[in-house]
Amino acid sequence: DLLAEGGISIEQHLSKGALKPKLTSTVYDFVVIQDFGGWPLCDTSFPACSSNTAPLSTAIDLIRKSGAKPIWFSTYQSKPFRQRELSFESHRIASQLEVDIADIGAAMLDFSTANEMTNILLPNYHPNTLGSWIAAATIVRSLVDKPLPEALMLDSVCRQIWQGSGLSADLLASAQKPKDVVCDRLAPDLLLKVVRAANKQG
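Definitions and limits used
Residues numbered from 1 in each chain as written. Predicted model: local features only at pLDDT ≥ 70, side-chain atom pairs only at ≥ 80, totals over all residues. Heavy atoms only, no water. Axes fitted to C-alpha atoms, helices over the stretch in contact; angles between N-to-C directions. Helix = DSSP H or I, 4+ residues; strand = E, 2+ residues; numbered from the N terminus. Parallel < 35°, antiparallel > 145°, perpendicular 65-115°, else oblique. Left-handed = near helix turned anticlockwise from the far one by under 90°. Contact = heavy atoms within 4.5 Å. Nonpolar A, V, L, I, M, F, W, Y, C, P; charged D, E, K, R; others polar. Buried < 20%, exposed > 50% of the residue type's maximum accessible area, 1.4 Å probe, protein only. Salt bridge = Lys/Arg side-chain N within 4 Å of Asp/Glu carboxyl O. Disulfide = S-S within 2.5 Å. Expected span 1.5 Å × (residues − 1).

Q: Mind laying out the packing of helix H5 (residues 104-115) against helix H6 (residues 129-144), listing which residues take part and the relevant values?
A: Here H5 crosses H6 at 125°, and the two axes come no closer than 9 Å. Here H5 lies oblique to H6, going by the angle between them. Taken as a pair, H5 and H6 cross one another with a handedness that is right-handed. Contacts between H5 and H6 involve Ile 104, Ala 107, Met 108 and Phe 111 from the first element and Leu 130, Gly 131, Ile 134, Ala 135, Thr 138 and Ile 139 from the second. Here the residues of the contact of H5 with H6 are counted per class, giving eight nonpolar, two polar and no charged.

Written as structure tokens, this is what we have:
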């Protein structure tokens, strides 16, 4: 399930009151939560950029009380020095809140540095296809809490493209109409590089 709305923070999401009913009406093993892009280093002049960790802490508590394990999806910055700052601060907060973190930005930076490939983001700074594979592998690495096998073999994987589809935080995405579905697979050598970048985040 996906409960999302473009450009809003966890704080704004909680104020809509949709998360708690979903957690009480459905049994989840894991819940991945993401705050406003670049948080906690985003510009607080944006209404969606919270200046404190209370909303994230509240969401984590709600998830734990439902019996699920929370995973914090830490986002990314396009400039390497800013990404390193973001990762440092995100890990500090994750340690403080005792929550597992999927450091997507660190994985993207590790991947692009190790492979001299920087084309992992769209012009709007969201992940392109390759960036999405890196994000997915990093989340799975956090979910299983152990390194992914380097000999990982995958068939074609399909994903729903939600950007631009007008998601509402009041309704699960499964009850809304996705914009598009794309199925593809990575070449084995590229998948190995993605797995290695994800595994460095353990």
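From this point, the narrative continues.
Q: Explain the environment of Leu 14 residue by residue, including any values.
A: Structurally, Leu 14 is set in helix H1 (residues 10-15). Classification of Leu 14 as partly exposed rests on a relative accessible area of 23%. With 97 residues separating them along the chain, Leu 14 and Phe 111 place their C-alpha atoms 33 Å apart. In contact with Leu 14, not counting residues within four places along its chain, are Leu 19, Pro 55, Thr 58, Ala 59 and Leu 62.

Q: Please provide a residue-by-residue account of the pattern of salt bridges, values included.
A: Note that side chains of opposite charge can pair when their charged atoms are close. Per the stated rule, a full pass over the model turns up seven salt bridges. For Arg 82, the salt bridge identified is with Glu 85, shortest N-O distance 3.0 Å. With Arg 82 and Glu 85 both in helix H4 (residues 80-97) and three residues apart, this pair spans about one turn of that helix. Exposure remark for Arg 82: the relative accessible area of 26% places this residue in the partly exposed category. Two residues, Asp 184 and Arg 159, come together in a salt bridge whose shortest N-O distance is 2.9 Å. Taken together, the residues Asp 184 in strand S5 (residues 180-184) and Arg 159 in strand S4 (residues 157-161) connect sequence positions 25 residues apart. Given the relative accessible area of 21%, Arg 159 is considered partly exposed.

Q: Outline the state of the cysteines, listing residues and values.
A: In the structure shown here, the tally under the stated rule is two disulfides. Between the sulfur atoms of Cys 158 and its disulfide partner Cys 183 the distance amounts to 1.9 Å. Between Cys 158 and Cys 183 the sulfur-sulfur dihedral comes to about 105°; the bridge is accordingly right-handed. On the criterion of sequence distance, the pair formed by Cys 158 in strand S4 and Cys 183 in strand S5 is long-range, its members being 25 residues apart. In this structure Cys 183 comes out as partly exposed when scored by relative accessible area, which is 44%. What connects to what in the protein chain, once the bonded cysteines are numbered by sequence position, is 1-2, 3-4.

Q: Outline H4, supporting the account with residue identities and numerical values.
A: Taking 1.5 Å per residue, 18 residues should reach 26 Å; H4 reaches 25 Å between its end C-alpha atoms and fits that length. Taken together, the buried positions of H4 are occupied by Gln 83, Leu 86, Ser 87, Glu 89, Ser 90, Ile 93, Ala 94 and Leu 97. Contact partners of the buried residues in H4: helix H3 (54-65), strand S2 (69-74), strand S3 (100-103) and H5. Directly after H4, the chain includes Glu 98, whose backbone phi takes a positive value near 55°.

In short, geometric facts, not functional conclusions.
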